[in-house]
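# Commentary on secondary and tertiary structure
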Amino acid sequence: MSQYVMKGGNPLSGEVLVAGAKNAALGILAGAIMTNDPVTIENVPMVQDIEFLLDAIRDIGGTVECRPGGTVMIDGSTIRKTMVNNDYIQKLRGGYYLVGALLGKYHHAEVDLPGGCNIGSRPIDQHIKGFRAIGADVKIRNGMILAHSSRLVGAHIYLDIVSVGATINIMLAASTAEGKTIIENAAKEPHVVDVANMLNSMGANIKGAGTDVIRINGVTSLHGAEYTIIPDQIEAGTFMMAAAATKGDVTVRNVIPKHLESISSKLREIGCEIVEDDDAVRVIGRNHLHSTHIKTLPYPGFPTDMQPQMAAVLALAEGTSVVTESIFENRYKYVDELVRMGANVKVEGSVAIIDGVSSLSGAKVLATDLRAGAAMVIAGLAADGYTVVDEVAHIERGYENFVEKLQGLGADIARVDNERDLQKFKMRVV
Ligand code: UD1
């Protein structure tokens with residue numbers, strides 16, 4: 001089983017290029033199957049979650065061609081079944097976008113219930129509510145979502161909870177429904193806007209994405225398009241946190257600084273210097289970071305997907321920080337791992353209280369999920385001595401060339417597959 005081994009202590013410095021947004025890509029690639037024309041998507045991050053989705057699309061007969069540099073061509077005209085039940089789909093969260101896409105195109109979808117990170121109960125009732133509102137009959141049977149309709153008709157849908165997944169899934173299905181669909185209390189995340197823009201480039205008529213009311217005028221069919229995915233806000237934020245934790249000086253390129261405002265302002269608050277350019281953010285770490293309070297919220301609030309990485313930074317910030325997780329109920333499993341490295345963190349329900357320590361020490365720790373794994377790497381790069389992060393498959397679900405990019409910033413880190421390589425790394429990096 002692969003592990004990351006690192007020797008902490010090097011302040012990261014230099015420039016790093018961020019890939020396309022994984023969570024936008026999942027919605028966009030699913031949307032690409034909704035036409036029988038070829039669709040070309042650029043800036044697709046080649047991470048495990050995307051590979052699983054592409055394999056699932058191939059499995060139902062879709063033609064998928066991956067070209068170097070993150071370009072993916074999808075031809076949905078060859079799809080021959082609307083049942084998606086394979087090993088790939090069970091492993092990722094965003095697989096549920098195939099329900100919205102297949103329902104919108106073929107009025108029928110049978111898709112295995114989603115997997116993804118184990119960060120609490122992750123119901124899909126709002127997705128189902130939306131599909132039913134536009135006329136689909138939806139059932140859960142034998143671990144699958146079954147959605148069928150003879151006609152999809154636009155409707156007025158109020159989401160009880162702000163859900164990224166439900167907003168995107170309903171947009172997908174409703175883009176080809178008859179008449180107008182209104183989604184109220186919609187999620188406003190940049191990737192919701194990106195999926196809407198991509199569907200519009202295929203001929204859909206979606207307005208208001210990025211606000212909490214989205215209006216969709218259904219069209220009879222979608223056509224081929226070429227589209228470039230926005231940069232990944234969470235990957236960018238992760239490198240920003242790594243710069244802060246290691247007291248480094250890192251310029252994160254190919255970003256949209258506006259999407260990073262909540263992250264930049266929290267880093268400023270704890271003492272980092274942030275310099276924004278048109279498509280880059282430079283983070284200059286400081287020797288003394290201060291504590292702060294954070295509450296995760298839907299966009300434009302502080303993202304739940306940055307909570308573990310921020311906690312790793314706050315573990316080294318002077319004073320007591322209070323982190324409140326308001327999106328997922330079980331997103332502190334990584335805290336025990338951070339404590340193994342000498343952090344002083346106590347969790348009470350949805351709140352983590354972090355008393356900053358002056359240093360962390362390397363340890364063998366687990367990547368308990370995708371973003372928690374990134375947090376362990378950040379902590380390991382800032383810690384004294386060697387850290388070994390286990391179960392890095394979680395990390396590789398969402399970060400493209402993570403190790404190589406960190407090496408490019410001067411980190412002593414390697415991916416190893418056995419004990420011999422681990423020892424070799426330790427002998428080489430002393
Ligand atoms: C997406 C992201 C994930 C991110 C999350 C919040 C993908 C593949 N994943 O997940 O990385 O952490 O947004 O930004 O894009 N909820 C319900 N019923 C539903 C749907 C959601 O109660 O039908 C609840 C969830 O349990 C959670 C909250 O709503 O408490 C937000 O979840 P949601 O925005 O839907 O997250 P995902 O789309 O699963």
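Each remark here, short or long, concerns the structure printed above.
Each chain has its residues counted from 1, running along the sequence as written. With pLDDT at 70 or above as the cut-off, local features in this predicted model cover only qualifying residues; side-chain atom pairs require 80 or more to be listed or tallied, and sums for whole chains, interfaces and linings still use all residues. Excluded from the side-chain calculations are hydrogens and water; all other atoms, namely the structure's heavy atoms, are used.

## As for the overall build of the protein chain
How we decide: Strands are runs of DSSP state E lasting at least 2 residues, helices are runs of H or I lasting at least 4, and numbering of each runs from the N terminus. In this setup the radius of gyration rests on C-alpha atoms only. A globule is expected at 2.2 Å times the number of residues raised to 0.38. The buried label applies to any residue whose accessible area, calculated with a 1.4 Å probe on protein chains only, is under 20% of its type's maximum; exposed applies above 50%, and partly exposed to all values in between. For the area figures, the Shrake-Rupley method with a 1.4 Å probe applies, and any residue is considered shielded solely by the protein chains shown. Just so you know, the count uses Lys and Arg for positive and Asp and Glu for negative, and it drops His and the chain ends. Lysine's charge is taken at NZ, arginine's at CZ, aspartate's at CG and glutamate's at CD.
Looking only at helices and strands, the protein chain has 14 helices and 24 strands in total. Radius of gyration (C-alpha) of the protein chain: 22 Å, near the 22 Å computed for a compact globule of 430 residues. Its C-alpha atoms give the protein chain principal-axis dimensions of roughly 65 × 45 × 40 Å. Out of the 430 residues in the protein chain, the part that is buried amounts to 58%. For the protein chain, the accessible area works out to roughly 16000 Å², and carbon and sulfur atoms hold 48% of it. Distance between charge centres in the protein chain, computed from 40 positive and 50 negative side chains, equals 3 Å.

## A closer look at helix 6 (residues 190-201)
Spacing of three or four residues puts side chains on the same side of an α-helix, whose turn is 3.6 residues. Note the following rule: To estimate how far a helix should extend, the number of its residues minus one is multiplied by 1.5 Å.
Taking 1.5 Å as the rise per residue, helix 6 with twelve residues should run 16 Å; its terminal C-alpha atoms sit 16 Å apart, in good agreement. The set of residues buried in helix 6 consists of P190, H191, V192, D194, V195, A196, M198 and L199. G203 occupies a position one or two residues after helix 6 and carries a positive phi of about 105°.

## Thoughts on the pattern of salt bridges
Cut-off, in case you're wondering: Here a salt bridge means any side-chain nitrogen of Lys or Arg lying within 4 Å of a carboxyl oxygen belonging to Asp or Glu.
The tally for this structure, following the rule as stated, stands at 20 salt bridges. In this structure, the salt-bridge partner of K405 is E235, at a minimum N-O distance of 2.7 Å. Residue K405 is found in helix 13 (residues 402-408), and its partner E235 is found in helix 7 (residues 233-245); the two are separated by 170 residues along the sequence. For the pair shown, K405 and E235 are each scored as buried. For R253, the salt bridge goes to D279, with nearest N and O atoms at 3.8 Å. One end of the pair, R253, is in strand 15 (residues 249-253); the other, D279, is in the loop between strand 16 (273-276) and strand 17 (280-284), with 26 residues separating them in the sequence. Judged by relative accessible area, which is 27%, R253 ranks as partly exposed. For D279, a relative accessible area of 38% puts it in the partly exposed group. Residues participating in the shared-partner salt-bridge network are E15, R253 and D279.

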